[in-house]
Amino acid sequence: MFTKILIANRGEIAVRVIKTCRRLGIATVVVYSDADAGSLAVEMADETVHIGPSPANQSYLVADKIIAACKQTGAQALHPGFGFLSENAGFAQRCADEGIVFIGPNPEAISAMGDKIESKKFAQKAGVSCVPGHIGEIADTAEAVKIAEQIGYPVMIKASAGGGGKGIRVAWTRQDVEEGFPAVRAEAKASFGDDRIFIEKFIESPRHIEIQVLGDKHGNVVHLFERECSIQRRNQKVIEEAPSPLLDEATRNAMGAQAVALAKAVGYDSAGTVEFVAGQDKSFFFLEMNTRLQVEHPVTELITGLDLVEQMIRSAWGEKLAFEQKDLSINGWAIESRIYAEDPYRKFLPSIGRLVRYDPPAEGQKDGYTVRNDAGVREGDEISMYYDPMISKLCSWAPTRIAAIDGMGRALEDFHIEGLGQNIPFLAAVMDEARFRSGHLATSYIKDEFPDGFQGVEPTAQQLDILIAVGAAMQRVYAARARSFATGLAGAPRDEWVVSVGHAKHRVKVAGEGDITVELLDEGRVLTLSDIDWRPGKAVFKALLDGKAFTVQVAPAAEGFTIRHRAAKARVLVLTPRSAELHDKLPEKQAADTSKLVLSPMPGLVVSMDVTAGQQVREGEVVCVLEAMKMQNIIRAERDGVVKAVNAKGGDPVAADEVLVEFA
């Protein structure tokens, strides 16, 4: 077996590979850029090599630097992780030429299947059903428009070397192609060093189902069943699960057999994924093959009991697969939620910053479910604008799908992050949403269920009880604390309050010290909080409400608290009866008028400023293009008007809410 492996990647996947190598007794080398100098992967590795500035095209995408690091440290093999150079056939060949084992498929297989354009040509020749489209390179925007109109809208504009949701756009009109084609090309060049683009028909309301395959260097290939990856936003996977709630055994076997046949045809000898677009009628078409380890591989590991990184290493060493297809079976159900540094309340825009608080749920077996959290960060780390905004991958496993979903909901409750926007409330909303729980999914799910974006959800009756009880209990603790510091106070503390949640007011009577009871005076009910884990200053409140465990995020606010349970967030005021009367007389605070301003929705870099002072602009026209997290974002005018001032130019860094353009 190898004695030393270099990991040509960063963040979560670098940490993931290190953990398996440690278990196998293999030393690790991690390469790092300026931005990753203090990262968890660098801390965990046995050796490290600095490879350059923060931008990926000056560090992680520079093959010469990676090869030099292998030679410098004596690493026998290289694991590429995902992204960067992981699907670059030329790099895999370069490793072979230099005597370094590439822990992934052979260069010929990568060339045949890893390239999105070539893989479709190969699949067509092999008789695999493919999505209709133009399978070939496209020279410029004019040709892209011509091809799109021949295929018929909507179409998908995709980078040949793309992956991870980058280098991809759906175009519904000619204008979408004219704007999207150059943006996709720029993203592809920046992220993958390859700006070749192709176009295919976009199939509306499909499901995205992929088959995990695994091969060795002796001609053996098996599949490890499927993953459902239909919950996507901007073509980026958000929630994955294994197995798929769509497939029956016959369809699963058919998809698996086709994936294995395709892998065998190209001599595939590592972990890889054959992706399909599936109809609700269980029809399916080959989409592409990812010739690498997938981000969502943990859900497959949880239902099969296999370590895919270990299997890749063993295959690269030359070992035969230790099992056959008949030896594999599905055990239970697994869900993965990608925790992203993005603000769901602001159209999911990237939220760069420091993890002031990072407190994930404890891993391991819980009451009826298991938690796994794959992360490459710690409290105090910074989420950089140079790389993908994923913070961690939170997984739950349980014997059934509903139990796994419920376990994920509880794990998301227990995940506490401060310092930047993150999508935990949105993920929690999905876990509680009826359509998701039913399993009737499609890639349009987020657009269908959250057409106006995400603004949280109204609390359910049970969540309202939690908000009232927690607010009343926290007020009682603060009041008791204040009395303990005061002198000369006589009598018992006040026990009757009015708890205001939104516009609704609830008269309550609070009693107790350890366990606290909250009597709802107008409803004739009593809520009991027990096993309370909270003290003033702590941002997480854990307890049992009438015997059922819950966790909420809390923060002090004027006359009360801000409390969030999953996706339900509210300002909870705890008032005296007289204060409650006076609150009804207070005028509503008016929001500031920003209609004449174009604000930067995120921190990032101005790629281009497309308007000038004095210019007449129509609603919907492009004002500027911003880049953040390797993604280009087109900012449009939300109203007609004349530009009064332009406050940024191409190449300028900007902060969130910075004024870019002012209208007269």
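Since the model is a prediction, treat every value here as computed from it, not as a measurement. (Residues numbered from 1 in each chain as written. Predicted model: local features only at pLDDT ≥ 70, side-chain atom pairs only at ≥ 80, totals over all residues. Heavy atoms only, no water.)

**Some details on the overall build of the protein chain**
Consideration 1: Counting secondary structure elements, the protein chain contains 17 helices and 40 strands.
Consideration 2: Against the compact-globule benchmark of 26 Å for 664 residues, the protein chain has a radius of gyration of 27 Å, which places it among compact chains.
Consideration 3: Principal-axis analysis of the C-alpha atoms places the extent of the protein chain at approximately 85 × 65 × 55 Å.
Consideration 4: Sorting the 664 residues of the protein chain into buried and exposed places 56% on the buried side.
Consideration 5: Sequence separation of at least 24 residues holds for 64% of the intrachain contacts in the protein chain that already meet a minimum separation of 6.
Consideration 6: As presented, the protein chain carries roughly 26800 Å² of accessible surface, and 50% of it is formed by carbon and sulfur atoms. (Helix = DSSP H or I, 4+ residues; strand = E, 2+ residues; numbered from the N terminus. Rg over C-alpha atoms; globule rule 2.2 N^0.38 Å. Buried < 20%, exposed > 50% of the residue type's maximum accessible area, 1.4 Å probe, protein only. Contact = heavy atoms within 4.5 Å. Areas by Shrake-Rupley, 256 points an atom, 1.4 Å probe, with all protein chains shown as cover.)

**Here we look at the packing of aromatic side chains**
Consideration 1: Tallying each qualifying case throughout the model produces 18 aromatic pairs.
Consideration 2: Each ring, one from Tyr60 and one from Phe84, has its centre 5.0 Å from the other, and the planes form 15°; the classification is stacked. On the criterion of sequence distance, the pair formed by Tyr60 in the loop between strand S3 (47-50) and helix H3 (63-73) and Phe84 in the loop between strand S4 (77-79) and helix H4 (89-97) is long-range, its members being 24 residues apart. The burial state of Tyr60 is the same as that of Phe84; both residues are buried.
Consideration 3: Taking 4.9 Å as the distance between ring centres and 80° as the angle between the ring planes, the aromatic pair formed by Phe348 and Phe426 counts as edge-to-face. Highlighted residues: Phe348 in the loop between strand S16 (342-343) and strand S17 (349-350) and Phe426 in helix H13 (residues 424-432), separated in sequence by 78 residues. Assigned by exposure class, Phe348 and Phe426 land together as buried.
Consideration 4: Members of the aromatic cluster, connected to one another through ring pairs, are Tyr345, Phe348, Phe426, Phe450 and Phe454.
Consideration 5: Between the NZ or CZ atom of Arg401 and the centre of the ring of Phe436, over which it lies, the distance is 5.0 Å. (Phe/Tyr/Trp six-rings, centres within 6.5 Å; stacked < 30°, edge-to-face > 60°. Lys NZ or Arg CZ within 6 Å of the ring centre and 35° of its normal.)

**A look at the sheet that holds strand S2 (residues 27-32)**
Consideration 1: In space, the 5 strands of this open sheet follow the order S3-S2-S1-S4-S5, with parallel pairing throughout. Edge positions in the sheet fall to S3 and strand S5 (101-102), since each of these pairs with one other strand and no more.
Consideration 2: Pairing of S4 with S5 involves 2 bridges; the strand directions are parallel. Bridging across to S5, Ala77 finds its partner in Val101. (Pairing = 2+ DSSP bridges.)

**Quick notes on empty space enclosed by the protein**
Leftover empty space is mapped by rolling, across the atoms, a probe with the size of a water molecule.
Consideration 1: Evaluated as defined, the whole model comprises 1 cavity of 30 Å³ or more.
Consideration 2: What the largest cavity holds in volume is close to 30 Å³.
Consideration 3: Taken together, His79, Pro80, Gly81, Ser86, Ile103, Gly104, Pro105, Thr291, Arg292, Leu293 and Met312 form the lining of the largest cavity. (1 Å grid on protein atoms, 1.4 Å probe; cavity = no way out; pocket = protein on both sides within 12 Å on 5 of 7 lines; lining within 4 Å. Points joined across faces, edges and corners; volume = space filled by probe spheres on them.)

**Description of the sheet that holds strand S27 (residues 516-520)**
Consideration 1: The antiparallel closed barrel is built from 8 strands, whose spatial order is S25-S26-S27-S28-S29-S30-S31-S32. Averaged over all pairs of adjacent strands, the angle between strand axes in this sheet comes to 35°, irrespective of strand direction.
Consideration 2: Both strand S29 (residues 540-545) and strand S30 (residues 548-557) contribute to a ladder of 6 bridges, which runs antiparallel. Residue Leu545 lies in a different strand from S30, and its bridge partner there is Lys548. (Axes fitted to C-alpha atoms, helices over the stretch in contact; angles between N-to-C directions.)

**Describing helix H5 (residues 107-114)**
Consideration 1: Among the 8 residues of H5, 6 are classified as buried, and the element is accordingly described as predominantly covered.
Consideration 2: Taken residue by residue, H5 has Pro107, Ala109, Ile110, Ala112, Met113 and Gly114 as its buried positions.

**Observations concerning helix H1 (residues 11-24)**
Consideration 1: For H1, spanning 14 residues, the distance from its first C-alpha to its last is 21 Å, which sits close to the expected 20 Å at 1.5 Å a residue.
Consideration 2: Within H1 the residues assigned to the buried category are Gly11, Glu12, Ile13, Ala14, Val15, Arg16, Val17, Ile18, Thr20 and Cys21. (Expected span 1.5 Å × (residues − 1).)

**Things to note about the side chain of Ser530**
Consideration 1: Within the secondary structure, Ser530 sits in strand S28 (residues 525-533).
Consideration 2: A residue is classified by how much of its surface remains accessible, and Ser530, at 15% relative accessible area, is buried.
Consideration 3: Discounting residues that sit within four places of it in the chain, Ser530 has contacts with Asp515, Ala543 and Leu544.

**Focus on the pairing of S28**
Consideration 1: As paired strands, S27 and S28 are joined by 5 bridges and run antiparallel to one another. Counted as the bridge partner of Ile516 is Leu529 from S28.
Consideration 2: As defined by bridge partners, S28 adjoins S29 across 3 bridges and the pair is classed as antiparallel. When the bridges of S29 are listed, Asp533 appears paired with Lys542.
Consideration 3: Counted between consecutive antiparallel strands, the loop separating S28 from S29 contains 6 residues, among which Gly537 sits at a positive phi close to 100°.

**Digging into unusual backbone geometry**
Consideration 1: Cis rather than trans, the peptide bond between Tyr153 and Pro154 has omega equal to 0°.
Consideration 2: Going from Ala242 to Pro243, the amide bond is cis rather than trans, its omega being -5°.
Consideration 3: In the Ramachandran plot, Asp657 falls in the positive-phi region, its phi being about 70° despite a non-glycine side chain.
Consideration 4: By the element assignment, Asp657 lies in the loop between strand S39 (653-654) and strand S40 (659-663).
Consideration 5: On the basis of relative accessible area, Asp657 is assigned to the partly exposed category, the value being 43%.

**Observations concerning the nonpolar core**
Considering soluble globular proteins, one finds that nonpolar side chains tend to be buried as a cluster.
Consideration 1: Ile5, Leu6, Val31, Ile66, Leu78, Phe91 and Ile313 are the most contacted members of the largest nonpolar core, which totals 62 residues.
Consideration 2: With 6 residues, H1 is the largest single contributor of residues to this core.
Consideration 3: Ignoring sequence-local partners within four residues, the contact set of Ile66 consists of Leu6, Ala8, Val31, Ile51, Ser59, Tyr60, Leu78, Leu85 and Phe91.
Consideration 4: With 40 residues, the next largest nonpolar core counts Ile339, Ala341, Val371 and Phe454 among its residues. (Core = buried A, V, L, I, M, F, W, Y, C linked by side-chain atoms within 4.5 Å.)

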